[in-house]
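Each chain, written out:
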Amino acid sequence: MTDMTSLACELKNEVEWQKTPSPLSLHDYTAFIKRAIKRLYVDTGRASAFRDYSFSTSGNREMFSGTLGVDEETYVMLLAQIDFFKKVQTDVNVMVSYTTDALSVAGGDKPYAHLKDSIDKLENERRIVYYKMVTYALGS
């Protein structure tokens, strides 16, 4: 079994300095982990096997019945971070630079550029980790 609450706490620590439009709860971070686990199964060609697994609650812990290896856990964390930053990006991507007769505002779109850079770096790291998961990368 995989403790998604533990992974959610780790995700929260990884992104804690990023401002968000509204405060996120542990439940929100757990939702990022849940979506990332589903994507792991799609990316590794095991989407049909995912039906055999389930999410559950044990006490105050969210659990996934499958057991993730270290490489899979790393992949899930990268996917969750990408998902998190994309969600934050939707809040700032409406900001643009503009000029009026009385005022000029420049750099309003800079948060978007910085988030895009963070997402691109995480996507690159995700690809590297995927190809290190030899079992899936080689199709064995």
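Refer to the structure above for everything that follows.
Residues numbered from 1 in each chain as written. Predicted model: local features only at pLDDT ≥ 70, side-chain atom pairs only at ≥ 80, totals over all residues. Heavy atoms only, no water.

Overview of the environment of T2
Quick reminder of the rule: Put simply, DSSP H or I for four residues or longer makes a helix, DSSP E for two residues or longer makes a strand, and each gets a number counted from the N terminus. Three exposure classes are used, based on accessible area relative to the maximum for each residue type with a 1.4 Å probe and protein chains only: buried under 20%, partly exposed in between, and exposed over 50%. We call two residues in contact whenever any of their non-hydrogen atoms come within 4.5 Å of each other.
Note that T2 resides in strand β1 (residues 2–3). A residue is classified by how much of its surface remains accessible, and T2, at 6% relative accessible area, is buried. For the pair T2 and L68, spaced 66 residues apart in sequence, the C-alpha to C-alpha distance is 6.5 Å. Discounting chain neighbours no more than four positions away, the residues touching T2 are L7, E62, M63, F64, G66, T67 and L68.

Re the side chain of R126
The test is simple: Polar contacts here mean pairs of N or O atoms no more than 3.5 Å apart (in protein, one a potential hydrogen donor and the other a potential acceptor; neighbouring residues in sequence count only if both atoms are side-chain atoms).
Among the secondary structure elements, R126 is positioned in helix α4 (residues 110–132). R126 gets classed as buried once you look at its relative accessible area, which sits at 11%. At 2.9 Å, the side chain of R126 forms a polar contact with the side chain of Y75. Apart from the residues within four sequence positions on either side, R126 is in contact with R39, D43, Y75, L78, L79 and I82.

Things to note about the packing of aromatic side chains
Short version of the rule: Between rings of Phe, Tyr and Trp, where Trp is taken as its six-membered ring, a pair exists when centres lie within 6.5 Å; planes separated by under 30 degrees are stacked, by over 60 edge-to-face, and by other angles tilted.
With the rule as written, the count across this model stands at 13 aromatic pairs. Look at Y41 and Y53: their rings are 5.4 Å apart centre to centre, the planes differ by 55°, and that puts the pair in the tilted class. In this pair, Y41 is assigned in helix α2 (residues 26–43) and Y53 in the loop between α2 and β2 (55–58), connecting sequence segments 12 residues apart. Classification of Y41 by relative accessible area gives buried; the value is 2%. Ring geometry for F84 and F85: centres 5.3 Å apart, planes at 75°, overall edge-to-face. The exposure classification of F84 matches that of F85, with both residues buried. Clustering of aromatic rings is evident, with ring pairs tying together Y41, F50, Y53, F55 and F64.

Here we look at the pattern of salt bridges
Just so we agree on the cut-off: Definition used for salt bridges: Asp or Glu carboxyl oxygen within 4 Å of a side-chain nitrogen of Lys or Arg.
For the coordinates displayed, the defined rule picks out 7 salt bridges. The salt bridge partner of R61 is D3, with a shortest N-O separation of 2.7 Å. Pair noted here: R61 is in strand β3 (residues 61–64) and D3 is in strand β1, with a separation of 58 residues, a long-range link. Relative accessible area serves as the criterion here: at 22%, D3 is assigned to the partly exposed category. One salt bridge in this structure joins D43 and R39, with 3.1 Å as the shortest N-O distance. Pair noted here: D43 and R39 are both in helix α2, with a separation of 4 residues, about one helical turn. Given the relative accessible area of 22%, D43 is considered partly exposed.

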